[in-house]
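# Structural features, examined
These are the residues of each chain, in order.
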Amino acid sequence: MMINLKIFVGILTGILVIGGAVVTFFQMQTRQNMKIEALEKEVTEIRGKEIPELKRKLSEQSHYQIETEKAIIEINGKLDHISEAIEELKKGGNS
C-alpha cells in the first residue's frame, strides 16, 4: 500500500495552514484581551482621579449657589424696605 505523495503533501499542507490559522487566531485574541485589560485599567485610573475633582467642583458650585441665594434674600429685603418707604410716601403725599 503506497501513499500517494501528492495527497500526502496536500493533507500535510492543509494541516499546517489550519494549525497556523488557529495559532494566529489565539495570538490575536490574547493581544486583544491584553488591550482590553489595559483600557479597563486606564478607565479605572481616570475615574479614580476625576471623581474627587467632580466632587470638588460640585461642592464649589453649591457654595456659589448658597452665596447667590443669600444675596437674593438681601436684595429682596431691601426691595421690601424700599416698597414700604414708597407706600409711606404715597400715603404722606395724599394726606
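The structure contained in this document is the topic of the report that follows. (Residues numbered from 1 in each chain as written. Predicted model: local features only at pLDDT ≥ 70, side-chain atom pairs only at ≥ 80, totals over all residues. Heavy atoms only, no water.)

The helix and strand inventory of the protein chain stands at one helix and zero strands. C-alpha extents for the protein chain along the principal axes are approximately 135 × 25 × 10 Å. In the protein chain, which comprises 95 residues, the share counted as buried stands at 0%. Carbon and sulfur atoms make up 65% of the accessible area of the protein chain, which amounts to about 9200 Å² in all. A gap of 14 Å separates the mean positions of the 13 positive and 14 negative side-chain charges of the protein chain. (Helix = DSSP H or I, 4+ residues; strand = E, 2+ residues; numbered from the N terminus. Buried < 20%, exposed > 50% of the residue type's maximum accessible area, 1.4 Å probe, protein only. Areas by Shrake-Rupley, 256 points an atom, 1.4 Å probe, with all protein chains shown as cover. Lys, Arg positive; Asp, Glu negative; His and termini not counted. Charge placed at Lys NZ, Arg CZ, Asp CG, Glu CD.)

Two descriptors summarise a pair of aromatic rings, namely the distance from one centre to the other and the angle between the planes of the rings. For the coordinates displayed, the defined rule picks out one aromatic pair. Where Phe25 meets Phe26, the ring centres are 5.3 Å apart and the plane angle is 70°; that geometry is what we call edge-to-face. (Phe/Tyr/Trp six-rings, centres within 6.5 Å; stacked < 30°, edge-to-face > 60°.)

For the rest of this paragraph, the subject is the pattern of salt bridges. Scanning the model with the defined rule gives one salt bridge in all. With a shortest N-O distance of 2.8 Å, Arg56 and Glu60 are connected by a salt bridge. With a gap of four residues between them, Arg56 and Glu60 both fall in helix H1 (residues 5-94), about one helical turn apart. The exposure class of Arg56 is partly exposed, given its relative accessible area of 41%. (Salt bridge = Lys/Arg side-chain N within 4 Å of Asp/Glu carboxyl O.)

Right, let's get into a nonpolar patch on the surface. Nonpolar side chains collect at one region of the surface, where Ile3, Leu5, Phe8, Val9, Leu12 and Leu16 lie side by side and expose about 630 Å² of accessible area between them. With respect to the secondary-structure elements, Phe8 resides in helix H1. The class of Phe8 is partly exposed, set by a relative accessible area of 45%. (Patch = residues over 30% accessible without salt bridge, like charges linked within 9 Å, V, L, I, M, F, W, Y side chains within 5 Å.)

Here the focus is the environment of Val23. Along the polypeptide, Val23 turns up in helix H1. The partly exposed category is assigned to Val23, whose relative accessible area is 48%. Between the alpha carbons of Val23 and Leu5 there is a distance of 27 Å; along the sequence they are 18 residues apart.

What follows covers the environment of Ile73. Within the element layout of this structure, Ile73 appears in helix H1. Through-space distance from the C-alpha of Ile73 to that of Ile7 is 95 Å; in sequence the pair is 66 residues apart.

In short, geometric facts, not functional conclusions.
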